[in-house]
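Each chain, letter by letter, is given below.
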Amino acid sequence: MLRILLPFAWGLYVAPLKESHFAFHAIMLLVSLGMLTYWVIKRKAIKYRYRFVPPLMIACIFFQLGSWIVALQDPRLSDDHFSHTQQPLIYKLKLLDVPAKKDKSYKVIAEVMAVGDSMQQKKTSGKVLLYLGHSESARSLVADDVIILRGNAREIAPPINPNVFDYQRYLNDHGIFSQIYVDSTSWIKDAHQVEHTMTGYFRTFREYLLRQLSQHHIDERESEVLAALVLGKTAGLDEEIMTSYSGAGAVHVLAVSGLHVALIYMILAPLLKKIFRGHRARWFKTIVPVVLLWTYAGITGFSPSVLRSALMFTCFIISDNFQKQNNIFNTMSVSAMILLVFDPVMLREAGFQLSYLAVLGIVIYQDALVHLIYVKNKYLLWAWKLTCVSTAAQLTTLPITLYYFHQFPNYFILTNLIVIPLSTLVLYAGLIFFLLCKIPWLDHHLAHIAALLTRVMNELMITMSHWPGSVTKHIVLSSLEAWLVVMVVVFASQWILFRRTKNAIWTMACILLLLFNRIMELREISEQHVVCFHHHKEFICISEIQGKQCRVISNANLEEDERTQKFMLNGFHDHMGVESLDYLNISDSTDYSGICEVAGLKVIIPNAANHQALENFKWDLILFDRSSNTIFLDEDFFEAIQNSVVVFGGGFSEKKKMMIMANSSCPNCIDLSNGAMCLRLHQPTSGDDLHFIHFSEME
């Protein structure tokens, strides 16, 4: 199965990278099938030296099948997809989950059941991202509810700042291409149409369990961690908690995965053996735990890690009860194949990749690591085995974690020695509470016991994340470097753990290539001079990068705004190799508010305090933002901005923007509402010859 899975997964991965019609894949599939059929018919006449042809053709067939599945997965190929209709006024939507509360709205994925106007409705398909204004009605919605709304579907915008999370691509991969925002008065719930689904039942039941927990007035932070660890709901997790667990190297316990499923099966297996005795009861010992595990998987949201664990444990339970051989690589390959056939997008998800790589690392490396040291004491042996499990999983997931998350938790071994036993207690305590939550008096004590254990775990993770050197941050790997790290891990582990000395040469070669590539990158970084005008709705933000140093210039206090740093600046600065960072707030001074110098260019952000400076001096760059809406556009103003480069930031009046563009003869007008703009400078510049490029076009 592994030999089949690899070309199939490669076909799934490559297909989105190249544009080709599904007819091409069909032709290639028929050619491969024809060659394989010819081989089967003429196999006795064909020479032995060509024995590699059948497996090659089989691999080619599954590669084409993978590409074909991706080509057919686009929901817009369906004739009844709602995007093929003219822009409708009225939508009938079915909610696929419980709406998640955001700062200004509730967010949920919905299925478009019908579109039209007040006179006629047409049945459609497709999914949309829905935002509902805050209201009690929106708060009471659950999965499978049907609502009717009046609004406009808009295409999901691409990222408008460099090196930020591409939410458009993420949603497009999941078949979502449009979004709708409506206020609290533009929709109603259709109480007459109720179509429950199994997934909806599971999610409604999960919300019911969470309401039982909320009745006991537990601290919000503890209840959110319990909801994530036991029931798989991570939407409400506090940002500080996520950062602390990630920094301590324990964020995996907050995502329901194979560890949680294994802990539940550890309780079920001995219990069922005592209840269902004898050879004839093996059907009950198989069906009951499988049903319970899949029920738990449904309640926790069918995440990739839970689906993988449920499928693998299903295969294990069947083989164990019916005395069949259970090859872990076949089991993993079968479960991955099933998941990818039904949802090819999973292959690109970090959760799917980390889940399978962690299990693969444990299977391959755990025993070899355990036998490196002989431990006689049973308690030390337990700690050593747990350390080996953590190390084995970290080995195989290392390239992925560095590539996606740009950091490495240095105390992950110590963290896992503490958090795995503690999270086990939290999981069992949470499960016992949810099972017995309807028993008076007992439920209150069980809830507070689970909350107390969760509080202890949270405090430990927060403390460990603040230890000196707990996290190595700002690790940025290119695709080539990530693959080189993969090869270093593979060859080095084969050399050290399995005594294959020939792999030492390959290990050194990969390390040298990695170092050479890094030296070339550092050389480019040391010579770079880039100015980036970031997009923001409220203020102007400029990153001037020279070598490894960066100066962030803004008319807002960004040094204390960690949220803006995280979602707008950090990714770009890491990508550019920034190590030294300074913040300059140009709105601090009353006399020189909004005035600065960037890369030798005189820059002004016009506002009520500096309008005289705008008219009395020549400026290379004039930046307009929300604070510039107060300025008066007269003849002196238009004369002052002649021959200057004008940049329109977020929040600036559209009406004034059009007036400036129509009445001035500026050599260059840049609109940041379409996305951040960058200047890559190779020599000292002046305002007379500036060439801006969109961040996606940078080298």
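Residues numbered from 1 in each chain as written. Predicted model: local features only at pLDDT ≥ 70, side-chain atom pairs only at ≥ 80, totals over all residues. Heavy atoms only, no water.

### Here we look at the overall build of the chain
Within the chain, the regular secondary structure consists of 22 helices and 22 strands. For the chain, the C-alpha atoms occupy an extent of roughly 95 × 70 × 60 Å along the three principal directions. The 699 residues of the chain split such that 46% are buried. Relative to all contacts within the chain whose residues are 6 or more apart in sequence, the contacts with residues 24 or more apart total 66%. As displayed, the chain has an accessible area near 37900 Å², and 61% of this comes from carbon and sulfur atoms. One way to put it: in the chain the 60 positive side-chain charges average out to a point 19 Å from where the 60 negative ones average out. (Helix = DSSP H or I, 4+ residues; strand = E, 2+ residues; numbered from the N terminus. Buried < 20%, exposed > 50% of the residue type's maximum accessible area, 1.4 Å probe, protein only. Contact = heavy atoms within 4.5 Å. Areas by Shrake-Rupley, 256 points an atom, 1.4 Å probe, with all protein chains shown as cover. Lys, Arg positive; Asp, Glu negative; His and termini not counted. Charge placed at Lys NZ, Arg CZ, Asp CG, Glu CD.)

### Observations regarding the pairing of strand β6 (residues 146-150)
Across five bridges, strand β1 (residues 90-95) lies against β6 in antiparallel orientation. Bridge pairing in β6 places Tyr 91 opposite Leu 149. (Pairing = 2+ DSSP bridges.)

### Focus: helix α9 (residues 258-275)
Along its 18 residues, α9 runs 25 Å from first to last C-alpha, staying within 8% of the 26 Å computed at 1.5 Å per residue. Looking at α9, one finds that the buried residues are Gly 258, His 260, Val 261, Leu 263, Ile 264, Tyr 265, Leu 268, Ala 269 and Leu 272. (Expected span 1.5 Å × (residues − 1).)

### Regarding the side chain of Asn 585
Summarising the element assignment, Asn 585 is placed in strand β15 (residues 580-585). Here Asn 585 is in contact with Ser 554, Asn 555, Ala 556 and Asn 557, once residues within four sequence places are set aside.

### As for a negative patch on the surface
Taken together, the side chains of Glu 615, Glu 635, Asp 636 and Glu 639 define an acidic patch exposed on the protein surface. Top element by residues in the negative patch is helix α21 (residues 635-640). It accounts for three residues. Looking at the secondary structure, you find Glu 615 in helix α20 (residues 611-616). By relative accessible area, which is 37% here, Glu 615 ends up partly exposed. (Patch = residues over 30% accessible without salt bridge, like charges linked within 9 Å, V, L, I, M, F, W, Y side chains within 5 Å. Salt bridge = Lys/Arg side-chain N within 4 Å of Asp/Glu carboxyl O.)

### Digging into the pattern of salt bridges
Tallied over the entire structure, the rule returns 14 salt bridges. Of the charged contacts in the structure, one is a salt bridge between Arg 203 and Asp 97, with a shortest N-O distance of 3.5 Å. Within this pair, whereas Arg 203 is found in helix α6 (residues 198-214), its partner Asp 97 is found in the loop between β1 and β2 (100-101), the two being separated by 106 residues in sequence. Across the pair Arg 551 and Glu 544 runs a salt bridge whose closest N-O atoms are separated by 2.9 Å. Since its relative accessible area comes to 28%, Arg 551 is described here as partly exposed.

### With respect to the sheet that holds strand β16 (residues 595-598)
The strands that make up a sheet pair up through hydrogen bonds in the backbone, lying either parallel or antiparallel. Taken in spatial order, the five strands of this open sheet run β16-β17-β18-β19-β20, and their pairing is mixed. Single-partner strands in this sheet number two, and they are β16 and β20 (668-671). In this sheet, adjacent strand axes meet at a mean angle of 20° when their direction is disregarded. (Axes fitted to C-alpha atoms, helices over the stretch in contact; angles between N-to-C directions.)

### Points about unusual backbone geometry
Despite not being glycine, Asn 163 shows a phi value in the positive range, around 60°. Along the chain, Asn 163 falls in the loop between β7 (154-155) and α5 (167-173). According to the relative accessible area criterion, Asn 163 is partly exposed, its value standing at 36%. Phi at His 217 is positive, roughly 55°, even though this residue is not glycine.

### Quick look at the nonpolar core
The biggest cluster of nonpolar side chains holds 55 residues, and the ones touching the most others in it are Val 230, Tyr 245 and Met 457. Mapped by element, the contributors of at least two residues to this core are α6, α7 (220-231), α8 (239-248), α9, α10 (282-299), α11 (304-321), α15 (412-435) and α16 (442-465). For this core, the element with the most residues is α15, which contributes nine residues. Not counting residues within four places of it along the chain, the set of residues in contact with Tyr 245 comprises Val 225, Ala 250, Val 251, Val 253, Leu 254, Met 457, Asn 458 and Met 461. Within the second largest apolar cluster, 21 residues are counted, among which are Cys 596, Val 603, Leu 672 and Leu 679. (Core = buried A, V, L, I, M, F, W, Y, C linked by side-chain atoms within 4.5 Å.)

### A word on the state of the cysteines
Per the counting criterion, the structure on display carries zero disulfides. No disulfide involves Cys 550; its sulfur sits 8.6 Å from that of Cys 541, the nearest cysteine. (Disulfide = S-S within 2.5 Å.)

### Concerning the packing of helix α13 (residues 350-370) against helix α14 (residues 378-405)
Angle between the axes and distance between the axes: these two values describe a pair of packed helices. Contact pair α13 / α14: the axes reach a minimum separation of 7 Å and the direction vectors enclose 140°. Where α13 crosses over α14, the handedness of that crossing is right-handed. (Left-handed = near helix turned anticlockwise from the far one by under 90°.)

### Here we look at the side chain of Ser 644
Examined against the element boundaries, Ser 644 turns out to sit in the loop between α21 and β19 (645-648). A distance of 2.5 Å separates a polar atom in the side chain of Ser 644 from the backbone oxygen of Trp 619. (Polar contact = N/O pair within 3.5 Å; in protein donor to acceptor, adjacent residues only side chain to side chain.)

### Details of the packing of α6 against α7
Direction vectors running N to C along α6 and α7 enclose 145°, while the axes themselves pass 11 Å from each other. Here α6 runs over α7; the crossing is right-handed. Residue-level contacts link Arg 206, Leu 209, Leu 210 and Leu 213 of α6 to Ser 223, Leu 226, Ala 227 and Leu 231 of α7. Of the residues belonging to the contact of α6 with α7, the class tally is six nonpolar, one polar and one charged. (Nonpolar A, V, L, I, M, F, W, Y, C, P; charged D, E, K, R; others polar.)

### Comments concerning helix α3 (residues 53-73)
The end-to-end C-alpha distance of α3 is 30 Å, a good match for the 30 Å that 21 residues give at a rise of 1.5 Å each. Residues Val 53, Pro 54, Met 57, Ile 61, Phe 63, Gln 64, Gly 66 and Ser 67 constitute the buried set of α3.

### Points about a nonpolar patch on the surface
Nonpolar side chains collect at one region of the surface, where Met 508, Ile 511, Leu 512, Leu 515 and Ile 519 lie side by side and expose about 470 Å² of accessible area between them. Summarising the element assignment, Ile 511 is placed in helix α18 (residues 503-527). We classify Ile 511 as partly exposed; its relative accessible area is 32%.

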